[in-house]
Amino acid sequence: MTIREATLEDFEEIWPIFHEIVSAGETYAYPRDTDQDQARKIWLEGPRKTFVLTENGTILGTYYIKTNHPGPGSHVCNCGYMVASAARGRGLAAAMCLHSQQIAKELGYKAMQFNFVASTNETAVHLWQKLGFEIVGRLPGAFNHPTRGYVDALVMYKWL
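Residues numbered from 1 in each chain as written. Predicted model: local features only at pLDDT ≥ 70, side-chain atom pairs only at ≥ 80, totals over all residues. Heavy atoms only, no water.

A word on the pattern of salt bridges
Two side chains of opposite charge can pair, provided their charged atoms sit close to one another. Counted under the stated rule, the structure contains six salt bridges. Put simply, Lys-49 and Glu-5 hold a salt bridge, and the shortest N to O gap is 3.4 Å. Placement of Lys-49 in strand E2 (residues 49-55) and of Glu-5 in strand E1 (residues 2-5) is noted, with a sequence separation of 44 residues between them. Of the residues examined, Lys-49 reaches a relative accessible area of 24% and is grouped as partly exposed. (Salt bridge = Lys/Arg side-chain N within 4 Å of Asp/Glu carboxyl O. Helix = DSSP H or I, 4+ residues; strand = E, 2+ residues; numbered from the N terminus. Buried < 20%, exposed > 50% of the residue type's maximum accessible area, 1.4 Å probe, protein only.)

Digging into the pairing of E2
Burial within E2 is extensive, with five of its seven residues counted as buried. Here E2 runs beside strand E3 (residues 58-67); their pairing, made up of seven bridges, is antiparallel. Across the sheet, the residue bridging to Lys-49 is Ile-65, located in E3. In this antiparallel pair of consecutive strands, E2 and E3, the connection spans two residues, and Asn-56 shows a positive phi of 50°. (Pairing = 2+ DSSP bridges.)

Regarding the side chain of Asn-68
By the element assignment, Asn-68 lies in the loop between E3 and strand E4 (76-83). One polar contact links Asn-68 to Asn-115, side chain to side chain, over a distance of 2.7 Å. (Polar contact = N/O pair within 3.5 Å; in protein donor to acceptor, adjacent residues only side chain to side chain.)

Details of helix H1 (residues 11-24)
Between its first and last C-alpha atoms H1 spans 19 Å; for 14 residues at 1.5 Å apiece the expected length is 20 Å, and the two agree. For H1, the full list of buried residues reads Phe-11, Ile-14, Trp-15, Ile-17, Phe-18, Ile-21 and Val-22. Looking at the buried positions of H1, the neighbouring elements they touch are helix H2 (36-45), E2, E3 and E4. (Expected span 1.5 Å × (residues − 1). Contact = heavy atoms within 4.5 Å.)

Concerning the sheet that holds E2
With mixed pairing, seven strands are arranged side by side in an open sheet as E1-E2-E3-E4-E5-E7-E6. Each edge of the open sheet carries a strand with a single partner, namely E1 and strand E6 (134-145). The mean inter-strand angle of the sheet, taken between neighbouring strand axes irrespective of direction, is 25°. Across the sheet, H1 touches E2, E3 and E4, and the angle it forms with E3 is around 75°. (Axes fitted to C-alpha atoms, helices over the stretch in contact; angles between N-to-C directions.)

Regarding the packing of aromatic side chains
Counted according to the given criterion, the structure contains 14 aromatic pairs. Considering the side-chain rings of Phe-18 and Trp-43, the 5.9 Å spacing of their centres and the 75° angle between planes classify their relative orientation as edge-to-face. Note that Phe-18 is positioned in helix H1 and Trp-43 in helix H2, a separation of 25 residues in sequence. The exposure classification of Phe-18 matches that of Trp-43, with both residues buried. Note on Trp-43 and Tyr-64: the rings are 4.8 Å apart at their centroids and 85° apart in plane angle, and the pair reads as edge-to-face. Highlighted residues: Trp-43 in helix H2 and Tyr-64 in strand E3, separated in sequence by 21 residues. Using a relative accessible area of 0% as the deciding quantity, one classes Trp-43 as buried. The structure contains a cluster of three or more aromatic residues connected by ring pairs, namely Phe-11, Trp-15, Phe-18, Tyr-28, Tyr-30, Trp-43 and Tyr-64. (Phe/Tyr/Trp six-rings, centres within 6.5 Å; stacked < 30°, edge-to-face > 60°.)

Okay, here's the thing in structure tokens:
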């Protein structure tokens, strides 16, 4: 397994992962019909940096890191992680989260915040807590899950 900074050329392999996750509508608050151009802007052009996790030259996961808020909040970063469905359960999200925390420190961030974690994404919530993130806020009914309806969104935070 290797984690490296993504290139624009990597988007062809990132897109199927992004599309599968976003079109399901279960974990990310992006429109389910986000197209390829919008996805590239969201995942590669908007963040400060984007990384891919590869194995034998194939991209199995990806994450971005960006400043959560400018000005007085610019010491806090935000990250988003995606793992291909065929590669889940192998610790890739944990590896990327640990990597992102190191990158965050190198970039001068003091804390990491996940703004909108669907409470129904129990695997992610458990993993983030295991990696030291705390639930610092709960937004009742803020996430419209495609099968469970309106569920809570969690704000999770870790001082680095």
